[in-house]
Amino acid sequence: MESNIADNLARVRERIETACSRSGRPSGGVKLVGISKTFPAERIRQAYEAGLRDFGENRVQEAASKRPELAGLNATWHLVGHLQSNKARHARELFSWVHSVDSEKIARKLHEAAPDAAPLQVLLEVNLGEEPSKFGTGESEVMRLAEQVGSMPSLELRGLMTVPPFFEDAERVRPFFARLRELAGRIAAMKLPSVSMRDLSMGMSHDFEIAIEEGATIVRVGTAIFGKRDTKV
Ligand SMILES: *Cc1c(COP(=O)(O)O)cnc(C)c1O
């Protein structure tokens, strides 16, 4: 069944506004990134026509295959999935944000791919649940990684990102979001040069309202905009 992207988008925006007002935050303080993985370029264009401007993919190859059809859109492209170092150069060409930097090695590859270019906006992915099945740096390494990334002139470190464990009861994820906010605060307090920590990328279809209540400035929403994905990715 084709779901109506414009209606879905309107509903998501409404829920974002409600969550913002509930927590006394201006709704302009939350950026909505539509996660279009597994959906064809045509669906991305529909969302664009409905007013969405930020899009996220989790695979470099998949993003590359859709992009020619979307040339000319005034959109901002985000990579939210794990990046292999041999794809760093390609990623730098395709995206202006990378949410999933989780090692010094990948950061360096991204920097060296275009050391003199306009800065790439990066977030450090933290694996808060310490889940072996998930990517992300451990909490104990994130300070050091922030320092390293802060010293790479073509990367602008904006903040942190997390994909917390999944709970049927979304309320149970709240402590993870609070934890990410605390970590960002601790890094901000280090006052590293060229590190702002103003962004928290957290919250997906299932739990973005809770993430907003806990301070998310970027929510990554796929299913609630584009519909159910056929394949698990
Ligand atoms: C797929 C994905 C999302 C979106 O998930 P939904 O539950 O469909 O909203 C967000 N972030 C990342 C990193 C993803 O891979």
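Look up: the structure comes first, before these words.
Residues numbered from 1 in each chain as written. Predicted model: local features only at pLDDT ≥ 70, side-chain atom pairs only at ≥ 80, totals over all residues. Heavy atoms only, no water.

Asker: Looking at this structure, I do not really get the site of the ligand. What am I missing?
Answerer: Every residue near the ligand is listed here: I35, K37, V80, M161, V163, M204, S205, R220, V221, G222, T223 and R229. R220 is positioned such that a nitrogen or oxygen atom in its side chain is 2.9 Å from a nitrogen atom of the ligand. Between the ligand and R229, the relevant distance is 2.8 Å, taken from an oxygen atom to a side-chain nitrogen or oxygen of the residue. Residues that form the shell around the ligand fall into these classes: six nonpolar, three polar and three charged. (Near = heavy atom within 4 Å. Polar contact = N/O pair within 3.5 Å; in protein donor to acceptor, adjacent residues only side chain to side chain. Nonpolar A, V, L, I, M, F, W, Y, C, P; charged D, E, K, R; others polar.)

Asker: In this structure, what is going on with the packing of helix α6 (residues 142-150) against helix α7 (residues 174-189)? I would like to understand it.
Answerer: When two helices pack together, their arrangement is given by the angle between the helix axes and the distance between those axes. Where α6 meets α7, the axes come as close as 10 Å, and the angle between the chain directions of the two elements is 50 degrees. The angle between α6 and α7 falls in the class oblique. Classified by chirality, the crossing of α7 by α6 is right-handed. Along its contact with α6, which presents V142, M143 and A146, the element α7 presents L183, R186 and I187. Class assignment of the residues belonging to the contact of α6 with α7 gives a composition of five nonpolar, no polar and one charged. (Axes fitted to C-alpha atoms, helices over the stretch in contact; angles between N-to-C directions. Helix = DSSP H or I, 4+ residues; strand = E, 2+ residues; numbered from the N terminus. Parallel < 35°, antiparallel > 145°, perpendicular 65-115°, else oblique. Left-handed = near helix turned anticlockwise from the far one by under 90°. Contact = heavy atoms within 4.5 Å.)

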